[in-house]
Amino acid sequence: MSKDIKSVEHSPKIHQRNDPQHVNDRTFFIDASNQSLTAIPLEIFTFTELEEVHLENNQIEEIPQEIQRLKNIRVLYLDKNNLRSLCPALGLLSSLERLDLSYNPIFSSSLLVVSFLHALRELRLYQTDLKEIPVVICKNLHHLELLGLTGNHLKCLPKEIVNQTKLREIYLKRNQFEAFPQELCVLYNLEIIDLDENKIGAIPEEIGHLTGLQKFYVASNNLPVLPASLCHCSQLSVLDLSHNLLHSIPKSLTELRKMTEIGLSGNRLEKVPYLICRWTSLHLLYLANTGLHRLRGSFRRLVNLRCLDLSQNHLDHCPLQICALKNLEVLGLDDNKIGQLPSELGSLSKLKILGLTGNEFLSFPEEVLSLASLEKLYIGQDQGFKLTYVPEHIRKLQSLKELYIENNHLEYLPVSLGSMPNLEVLDCRHNLLKQLPDAICQAQALKELLLEDNLLTHLPENLDSLVNLKVLTLMDNPMEEPPKEVCAEGNEAIWKYLKENRNRNIMATKIQAWWRGTMVRKGFGKFGELLKPRKKGKTSPKDKKGKKDVKGKPGKGKKK
């Protein structure tokens, strides 16, 4: 249930259309991504008016010299290819503003050509095995606004990075920084800094100079404290401090009036910091695995919260303060010690996702049935008590799309699941199910049905009527119909078996009906009578009729 607080770490690439864009018979846009190309098609270089070219996710090994013909190109995406070197002609693209070379095994010496692209505003070099940034890039490129370096081996930034005075976004996630790059503190236009998953032990007080900073990501580092000067970053709205060594947050951060998202999961807080309850503009709050036993009474002030993660704590009940958060859409309470839910839970009229996995419910908590907007319910019990039933009233959740009830002791499923029109995912793995209700075949929206590790021997004969079902797992069941070897071949084999079996049954029914009709027409009485066991010494009606004929009439060739 715990969600990553960040949105996409770099600006999305919008593929406007698959066909070239024509304006007055001139082509400005070409998308040749995902085509398994091993080389750039030379035809592309004949469109000299091109401004945007997408070649990502191919197998291109080199850039030909003909690239210099694209004098007007502004956007070039070559990420996820097999480029090892860059030709000098690339440096002649004087209009290029956005270049993505990510996920290529490029030699760092080959990147020198990039320093000639003086108009460049966005440069992405994610996972290119960089150990250092070529100094000439920092010296010569004065218009960079976005620099993406996630997933490399950087330990520091060159001091020349201070020349990037227009830089707004820098992504340094998953590198090897042990100290916060001090040079960033003089880049006053920075709005986004991503330093997640490094080894940083401290943030300098100079961070307060970045008064335009809006999003600051330093999750999964070694921070024991935060600088009080962070309060001067008055535009800060997103702060991810998850999985550090924090015990508290500086009181000075109360001054941050624009906070909408904060991640504190995986720290040693043990109680909710008081100042958080004063950030009434918060939309997303992550407090998973922070040692909480309770919430503050003032927690109910966070009326704008849409997502709240309290999983992996020590809560022995669902705090009533939560029921006051009328705008809540996502609530994670997984892996606590909760045994009962408050009746007021139904006041969360906008709740769409609820996580209750791994708690101590003795029976299915029927309070959730009042959540009419619920779309996803997680109530698998990988630890704690096991549920033995799901009530038929589950059908009240008509908006439900995904139901996760794995790792319980369910022996049967409610018939009412068949009357849930939006149900797409049903996870029943690791239970004690012996059969599925035939009504499951009416849940026409089902896309995934996970049934592994149960006691199933048969499937409903009309299960193949679920035309949207793409995933069906049956491993570790004592299957007989269809046999295990058929189940192992996947959905198509299962559907074929069910269809053939159904046709055999239909044919058998027709033969039986024909036989019954034949018996009745020949005067042998009702078919049911024929099925009664004969008593010893008794003869069939046909035998009696034959004997009567013999007794009443002389045999052929005999005199009267």
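Since we're looking at a predicted model, the values are computed, not measured.

1. As for the overall build of the protein chain
Here comes step 1: Counting secondary structure elements, the protein chain contains 5 helices and 21 strands.
Here comes step 2: Taking all 560 residues of the protein chain together, the buried fraction comes to 49%.
Here comes step 3: Considering only contacts in the protein chain between residues 6 or more positions apart, those separated by 24 or more positions represent 32%.
Here comes step 4: Accessible surface, the protein chain as shown: approximately 27800 Å² in total, 50% of it carbon and sulfur.

2. Brief notes about the confidence of the model for the protein chain
Close reading of the predicted structure is inappropriate where its pLDDT is low.
Here comes step 1: Summing up the model confidence of the protein chain, the mean pLDDT is 88 and the portion of residues at 70 or higher is 85%.
Here comes step 2: This model gives residues 1-24 a pLDDT under 50, and the stretch forms 67 contacts once residues within four places in sequence are excluded.
Here comes step 3: Here residues 539-560 scores under 50 on pLDDT; set against residues more than four positions off or in separate chains, the count is 4 contacts.

3. A few points about the pattern of salt bridges
Here comes step 1: Using the criterion set out here, one finds 13 salt bridges in the structure.
Here comes step 2: Taking the shortest distance from any N to any O, the salt bridge between E97 and R121 comes out at 3.6 Å. Remark: R121 occurs in the loop between β5 (98-100) and β6 (122-124) and E97 occurs in the loop between β4 (75-77) and β5; sequence separation between them is 24 residues.
Here comes step 3: Here E97 falls in the partly exposed class, since its relative accessible area comes to 21%.
Here comes step 4: Since its relative accessible area comes to 35%, R121 is described here as partly exposed.
Here comes step 5: E145 is the salt-bridge partner of R168, the closest N and O atoms lying 3.3 Å from each other. Here R168, found in the loop between β7 (146-148) and β8 (169-171), pairs with E145, found in the loop between α1 (135-140) and β7; they are 23 residues apart in sequence, far enough to count as distant.
Here comes step 6: Connected via shared salt-bridge partners are E51, R74, E97, R121, E145, R168, E169 and E191.

4. Regarding a nonpolar patch on the surface
Here comes step 1: A cluster of nonpolar side chains, namely V162, V186 and Y188, defines an oily patch on the protein surface of about 250 Å² accessible area.
Here comes step 2: Relative to the assigned elements, V162 resides in the loop between β7 and β8.

5. Focus on the pairing of strand β2 (residues 26-31)
Here comes step 1: Where burial is concerned, most of β2 is hidden: 5 out of the 6 residues are buried.
Here comes step 2: As judged from the 3 bridges shared by β2 and strand β3 (residues 52-54), these two strands associate in the parallel manner. Among the inter-strand pairings, F29 is bridged to a residue of β3, identified as E52.

6. Some details on the environment of A39
Here comes step 1: Along the chain, A39 falls in the loop between β2 and β3.
Here comes step 2: For A39, a relative accessible area of 44% gives the class partly exposed.
Here comes step 3: Residues A39 and E61, spaced 22 residues apart in sequence, show a C-alpha to C-alpha distance of 6.6 Å.

7. A word on the environment of N313
Here comes step 1: Tracing the backbone through its elements, the reader meets N313 in the loop between β14 (307-309) and β15 (330-332).
Here comes step 2: Here the alpha-carbon distance between N313 and L287, two residues 26 residues apart in the chain, equals 8.6 Å.
Here comes step 3: Those residues within four positions of N313 in sequence are excluded, and the remaining contacts are L287, A288, N289, T290, G291, L292, D335 and N336.
Here comes step 4: At 3.0 Å, the side chain of N313 and the backbone oxygen of L287 are in polar contact.

8. Topic: the packing of aromatic side chains
Here comes step 1: Per the counting criterion, the structure on display carries 2 aromatic pairs.
Here comes step 2: Judged by centre distance (6.2 Å) and plane angle (80°), the rings of F180 and F216 are edge-to-face. With F180 in the loop between β8 and β9 (192-194) and F216 in strand β10 (residues 215-217), this residue pair connects regions lying 36 residues apart in the sequence. The burial state of F180 is the same as that of F216; both residues are buried.
Here comes step 3: Between Y378 and Y404, the ring centres sit 4.5 Å apart and the planes meet at 0°, which makes this aromatic pair stacked. Here Y378, found in strand β17 (residues 376-378), pairs with Y404, found in strand β18 (residues 402-404); they are 26 residues apart in sequence, far enough to count as distant.

Cut-off values and rules
- Residues numbered from 1 in each chain as written.
- Predicted model: local features only at pLDDT ≥ 70, side-chain atom pairs only at ≥ 80, totals over all residues.
- Heavy atoms only, no water.
- Helix = DSSP H or I, 4+ residues; strand = E, 2+ residues; numbered from the N terminus.
- Buried < 20%, exposed > 50% of the residue type's maximum accessible area, 1.4 Å probe, protein only.
- Contact = heavy atoms within 4.5 Å.
- Areas by Shrake-Rupley, 256 points an atom, 1.4 Å probe, with all protein chains shown as cover.
- pLDDT = per-residue confidence, 0-100.
- Salt bridge = Lys/Arg side-chain N within 4 Å of Asp/Glu carboxyl O.
- Patch = residues over 30% accessible without salt bridge, like charges linked within 9 Å, V, L, I, M, F, W, Y side chains within 5 Å.
- Pairing = 2+ DSSP bridges.
- Polar contact = N/O pair within 3.5 Å; in protein donor to acceptor, adjacent residues only side chain to side chain.
- Phe/Tyr/Trp six-rings, centres within 6.5 Å; stacked < 30°, edge-to-face > 60°.

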